[in-house]
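Coordinate analysis (summary)
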There are 2 protein chains.
Amino acid sequence: MANGTTPSAGHELTQTHPFDRAIALSAPQDADSRLLRGVTSDDYWNAVGPFGGVTAATLLNAVMRQLDRLPVPLSLTVSYAGAIRAGEFDILVRCLRGGRTTQHWSLELVQGSEREVMASALVVCGLRRDTWGVREALPPATPPPPPAFGARPGDSPRWLRWYREHLVSGDLYRANDHSETLSWIADAPARALDYTSLAAICDAFFPRIYLRRPSFVPIATVTLNVYFHAGQAVMDEQGCAPVLARATGQVFNEGFCDQEGRIWGLGDRLLATTHQVVWYRE
Amino acid sequence: MANGTTPSAGHELTQTHPFDRAIALSAPQDADSRLLRGVTSDDYWNAVGPFGGVTAATLLNAVMRQLDRLPVPLSLTVSYAGAIRAGEFDILVRCLRGGRTTQHWSLELVQGSEREVMASALVVCGLRRDTWGVREALPPATPPPPPAFGARPGDSPRWLRWYREHLVSGDLYRANDHSETLSWIADAPARALDYTSLAAICDAFFPRIYLRRPSFVPIATVTLNVYFHAGQAVMDEQGCAPVLARATGQVFNEGFCDQEGRIWGLGDRLLATTHQVVWYRE
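Residues numbered from 1 in each chain as written. Chains lettered and ligands numbered in written order. Predicted model: local features only at pLDDT ≥ 70, side-chain atom pairs only at ≥ 80, totals over all residues. Heavy atoms only, no water.

This part is about the overall build of chain A. Assigned secondary structure in chain A consists of six helices and 13 strands. The C-alpha atoms of chain A give 19 Å as radius of gyration, which agrees with the globular expectation for 282 residues (19 Å, within 12%). If you line up chain A on its principal axes, its C-alpha atoms span 55 × 45 × 45 Å. With 282 residues in all, chain A has 56% of them scored as buried. Considering only residue pairs separated by 6 or more positions, chain A has 69% of its internal contacts joining residues 24 or more positions apart. Element-wise, carbon and sulfur atoms account for 52% of the exposed surface of chain A, whose accessible area totals about 11,600 Å². Between the averaged position of the 26 positive side-chain charges in chain A and that of its 29 negative side-chain charges there is a distance of 2 Å. (Helix = DSSP H or I, 4+ residues; strand = E, 2+ residues; numbered from the N terminus. Rg over C-alpha atoms; globule rule 2.2 N^0.38 Å. Buried < 20%, exposed > 50% of the residue type's maximum accessible area, 1.4 Å probe, protein only. Contact = heavy atoms within 4.5 Å. Areas by Shrake-Rupley, 256 points an atom, 1.4 Å probe, with all protein chains shown as cover. Lys, Arg positive; Asp, Glu negative; His and termini not counted. Charge placed at Lys NZ, Arg CZ, Asp CG, Glu CD.)

Structure follows, in structure tokens:
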């Protein structure tokens, strides 16, 4: 330490955000290493496995850790192949191909001596450049977020406590005639937004099916897609400010439904669009 | 032949739709085979490689060819890693994991002695079941398609000739204040819709950037995502009827833009939603 003091282990712990602990991966042996190791997070545990948003963020983090990646992610697709068990996992990272402006990565999260594939992902990174541009999509007219707001009601599943959310519109657990919700959301405690936390927020929406049905049915995300629309400078400007999150469902049919989400940042900027397919039991 | 006649080679050729020739793959050696071979299609050639929709359809076809797949695809994500060269390619198919209701596949399209990865894909297949359901999204109010309509104006790139398209709204190659188009589209000559042709149609939209800019700039699809919302019975009902295709772009920024599309079938049914990230030069 530059000033000669040594913080206690406890002090160090509080300086690391729970989200950063959850997505942490062991350092590559060298710049060429494409094998990373992580451990599931108790903090972000869901019903029968880790919160899918943290799994997505961890897979993205595996790419962000690569020294030879192009600067920013453009897209992330996660195939949730199996129920990840509590404990250690490995992530195998492959660079499929890279050019000057785009770079394609493939990832697998494996567990156990059989190296069962629990999740697979495709990530595209890119080099953003100064070009012509236009922002066509605009956020819904919404008053600014209240100065203080807390967690979503309830403390189960566990990962919910690590988000603050203020619901602007949408009635949960009711037989509504639409599934749209609009809410302000932020990490709790505060944490400056980055691509990994943005990816996780893309899976933090209240499941759409519970906007159409008053009672619980078992569900699971099958596949998640995230497109990142903002460059690094815009991400940096966002800091710890809450994002505006809008989600809808289009079709609930024969055991599968979808979710479409948009995440808006400061200055009416679209930070991410996200889509997922969800299995439901009945 | 059951009736004792032998059609000429030319006759056989006209009975096979150009699309089926384009996505054809050599038969697996046996039920366990996960290596398929194809050849790029001159018919569906684009500017510097195959039409991306046919590449997506070919990758999906590699899964549809697997004897142990679950009945219908739920999602398809394609990472367009490199410019596919004219000629032969191999597709390596892996079943990452399968359960009773979902099954996760990973694919790579490789070329050359170095087995360079030109495209990578994730496909999820599923077993649809009789469950509660609701259709939330509705198509825009549109008059029925004209009884006859032809190809999009122009015959370049080459793949365009294999689609009929009737533009309902949207002005191409103009500096519009939005990028939305609505059109009726169908394979030409007529071909009953299936999941592979639906996947290709998801990439057949006129590039959004040309709805906002009057002049040509080089573009390339970087990644494509398709969610299939209809089960087999609905797909079968569609037959050769044109689909209604709506597309918008949200953000054009720093060398990358997006496209969001919806494909509607008979009876106001949402057949697919699709998203893509597109690189543009300047």
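A few words on helix 3 (residues 52-64) of chain B. Look at helix 3 of chain B: 18 Å from first C-alpha to last across 13 residues, which is about the 18 Å you get at 1.5 Å a residue. Most of helix 3 of chain B sits inside the fold, with 13 of its 13 residues counted as buried. (Expected span 1.5 Å × (residues − 1).)

So, about the packing of aromatic side chains. Within this structure, the stated rule accounts for 24 aromatic pairs over all chains. Between W132(A) and F252(B) the ring centres are 5.7 Å apart and the planes differ by 65°, which places this aromatic pair in the edge-to-face class. Of this pair, W132(A) sits in the loop between strand 5 (116-126) and strand 6 (134-135) while F252(B) sits in strand 11 (residues 251-253), placing the two residues on different chains. Residue F252(B) is classed as buried on the basis of its relative accessible area, which comes to 1%. Pairing F206(A) with Y210(A) gives two aromatic rings, centres 5.9 Å apart and planes at 65°, and the pair type is edge-to-face. Here the two residues F206(A) and Y210(A) agree in accessibility, since each one is buried. Connected via pairs of aromatic rings, a cluster forms that spans Y173(A), F206(A), Y210(A) and F216(A). For R164(A), the ring lying beneath its charged end belongs to F149(A), and the centroid distance is 4.3 Å. (Phe/Tyr/Trp six-rings, centres within 6.5 Å; stacked < 30°, edge-to-face > 60°. Lys NZ or Arg CZ within 6 Å of the ring centre and 35° of its normal.)

Here the structure, examined in full by the defined rule, presents 30 salt bridges over all chains. D43(A) is paired through a salt bridge with R21(A); the nearest N and O atoms lie 3.3 Å apart. Placement of D43(A) in the loop between strand 1 (35-39) and helix 3 (52-64) and of R21(A) in helix 2 (residues 18-22) is noted, with a sequence separation of 22 residues between them. For R262(A), the salt bridge goes to E260(B), with nearest N and O atoms at 3.0 Å. In this pair, R262(A) is assigned in strand 12 (residues 256-265) and E260(B) in strand 12 (residues 256-265), connecting two distinct chains. Side by side, R262(A) and E260(B) carry an identical accessibility label, which is buried. (Salt bridge = Lys/Arg side-chain N within 4 Å of Asp/Glu carboxyl O.)

Okay, the relation of the copies chain B and chain A next. Overlay of chain B on chain A (RMSD 0.0 Å): rotation 180°, translation along the axis 0.0 Å. Such a combination of turn and shift is consistent with a two-fold rotation axis. (Least-squares fit on C-alpha atoms with pLDDT ≥ 70 in both.)

We now examine the pairing of strand 10 (residues 243-248) of chain A. All names here are of chain A. The buried fraction of strand 10 is high, at five of six residues. Relative to strand 10, strand 8 (residues 181-187) runs antiparallel, the two being bridged by five bridges. When the bridges of strand 10 are listed, W184 appears paired with L244. Pairing between strand 10 and strand 12: five bridges, direction antiparallel. For L244, the partnering residue across the bridge sits in strand 12 and is W264. (Pairing = 2+ DSSP bridges.)

Attention shifts here to empty space enclosed by the protein. Residues and elements named next belong to chain A. Tallied over the entire structure, the rule returns nine cavities of 30 Å³ or more. Counted as a void, the largest cavity has a volume near 80 Å³. Looking at the largest cavity, the residues that line it are A22, V39, T40, S41, P50, V54, T55, T58, I84, F89 and L109. Top contributing element to the lining of the largest cavity by residue count: helix 3, with three residues. Residues of the lining of the largest cavity, tallied by class, amount to seven nonpolar, four polar and no charged. (1 Å grid on protein atoms, 1.4 Å probe; cavity = no way out; pocket = protein on both sides within 12 Å on 5 of 7 lines; lining within 4 Å. Points joined across faces, edges and corners; volume = space filled by probe spheres on them. Nonpolar A, V, L, I, M, F, W, Y, C, P; charged D, E, K, R; others polar.)

At the interface, 64 residues of chain B touch 64 residues of chain A. Carbon and sulfur atoms make up 55% of the area that chain B and chain A hide from each other, which totals about 5,600 Å². Taken together, the connections running from chain B to chain A amount to ten salt bridges. Across the pair E136(A) and R212(B) runs a salt bridge, and its minimum N-O distance is 2.7 Å. Looking at the side of chain B that touches chain A element by element, the count peaks at eight residues for strand 5 (residues 116-126) of chain B. (Buried area = accessible area lost by both parts, 1.4 Å probe.)

Moving on: the side chain of S41(A). Topologically, S41(A) is positioned in the loop between strand 1 and helix 3. Polar side-chain contacts of S41(A) include one of 3.1 Å to the backbone nitrogen of D43(A). (Polar contact = N/O pair within 3.5 Å; in protein donor to acceptor, adjacent residues only side chain to side chain.)

Residues and elements named next belong to chain B. Structurally, I201 can be placed in helix 4 (residues 195-201). Along the primary structure I201 and R21 are separated by 180 residues, whereas in three dimensions their C-alpha atoms are 16 Å apart. Dropping the residues within four chain positions of it, I201 is found in contact with Y163, I185, D187, L193, V243 and I263.

With that settled, consider unusual backbone geometry. A cis amide bond, omega -5°, links A188(A) with the succeeding residue P189(A). Of note in the backbone geometry, D268(A) takes a positive phi value of approximately 60° without being a glycine. With respect to the helices and strands, the residue D268(A) is situated in the loop between strand 12 and strand 13 (269-280). At R115(B), a residue that is not glycine, the phi angle is positive and equals roughly 50°. Classification of R115(B) as partly exposed rests on a relative accessible area of 40%.

Mapping S120(A) onto the fold places it in strand 5. Residue S120(A) is classed as buried on the basis of its relative accessible area, which comes to 1%. A polar atom in the side chain of S120(A) sits 3.4 Å from the backbone oxygen of L107(A). Not counting residues within four places of it along the chain, the set of residues in contact with S120(A) comprises T77(A), V78(A), S79(A), L107(A), E108(A), L96(B) and L122(B).

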